[in-house]
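# Survey of secondary and tertiary structure
If you want the building blocks of each chain, they are given just below.
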Amino acid sequence: MAYVYVNLVLEDPEIMAAYREKAGAALQKHGAKPLVSTPNQTVIEGSRDKTGIGVILQFPDVEAAKAWINDPELQESHALRRAAGQSAITLLA
């Protein structure tokens, strides 16, 4: 398994709604499933930039996670996510 952590500081809820309509199919295409999605994040040690919506995704392996983020057919979907706010995506593998 490989895990991906997404932090999205939401700036445009309407664009985020459009992204959510496409996100499920995009994740399913690469065998991913969301384990956690929450707007409530609390840094309990150290410091970091702003937190927003936190998501943990589970992929079958590292290759599937990289295929998801680099899939040319999903670039429109990824563009919606980026337009919805500031995002950082971290592969935990």
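Below is a summary of the structure that appears in this document. Being a predicted model, the structure only gives us computed values, none of them experimental. (Residues numbered from 1 in each chain as written. Predicted model: local features only at pLDDT ≥ 70, side-chain atom pairs only at ≥ 80, totals over all residues. Heavy atoms only, no water.)

## Considerations on the sheet that holds strand E2 (residues 33–38)
An order of E2-E3-E1-E4 is seen for the 4 strands of this open sheet, with the pairing classed as antiparallel. Each of the sheet's edge strands pairs with one partner strand only, and the pair in question is E2 and strand E4 (85–92). On average, each strand axis in the sheet is tilted by 15° relative to the strand beside it, whichever way the strands run. Direction of pairing for E2 relative to strand E3 (residues 53–59): antiparallel, over a ladder of 5 bridges. If you follow Thr38 over to E3, its bridge partner there is Gly54. Across the sheet, helix H1 (residues 13–29) is in contact with strand E1 (2–10), E2 and E3; its angle to E3 comes to roughly 10°. Sitting on the sheet, helix H2 (residues 62–70) touches E1, E3 and E4, and the angle it makes with E4 is about 160°. (Pairing = 2+ DSSP bridges. Helix = DSSP H or I, 4+ residues; strand = E, 2+ residues; numbered from the N terminus. Axes fitted to C-alpha atoms, helices over the stretch in contact; angles between N-to-C directions. Contact = heavy atoms within 4.5 Å.)

## Some details on the nonpolar core
Judged by nonpolar contacts, the single largest core of 18 residues is most densely connected at Val4, Met16, Leu27, Leu57, Phe59 and Trp68. When contributions to this core are tallied by element, the ones reaching two or more residues are E1, H1, E3 and H2. The leading source of residues in this core is H1, at 5 residues. Dropping the residues within four chain positions of it, Leu27 is found in contact with Ala32, Pro34, Leu57, Phe59 and Trp68. (Core = buried A, V, L, I, M, F, W, Y, C linked by side-chain atoms within 4.5 Å. Buried < 20%, exposed > 50% of the residue type's maximum accessible area, 1.4 Å probe, protein only.)

## Focus: H2
Turning to H2, its buried residues number three or more, namely Ala64, Ala65 and Trp68. Projected down its long axis, H2 shows its buried positions confined to an angular sector of 100°, all on one face. Projecting away from the buried face of H2 at angles above 90 degrees are the exposed residues Glu63 and Asn70. Its buried side turned inward, H2 meets E1, H1, E3, helix H3 (75–84) and E4. Sitting at the head of H2, Asp61 places a side-chain oxygen 3.3 Å from the backbone nitrogen of Glu63. (Arc of directions from axis to C-beta. Polar contact = N/O pair within 3.5 Å; in protein donor to acceptor, adjacent residues only side chain to side chain.)

## Here we look at the packing of aromatic side chains
Inspection of every chain in the model, using the stated rule, returns 1 aromatic pair. The interplanar angle of 45° and the centroid separation of 5.5 Å between the aromatic rings of Phe59 and Trp68 together place this pair among those described as tilted. The same class applies to Phe59 as to Trp68, namely buried. (Phe/Tyr/Trp six-rings, centres within 6.5 Å; stacked < 30°, edge-to-face > 60°.)

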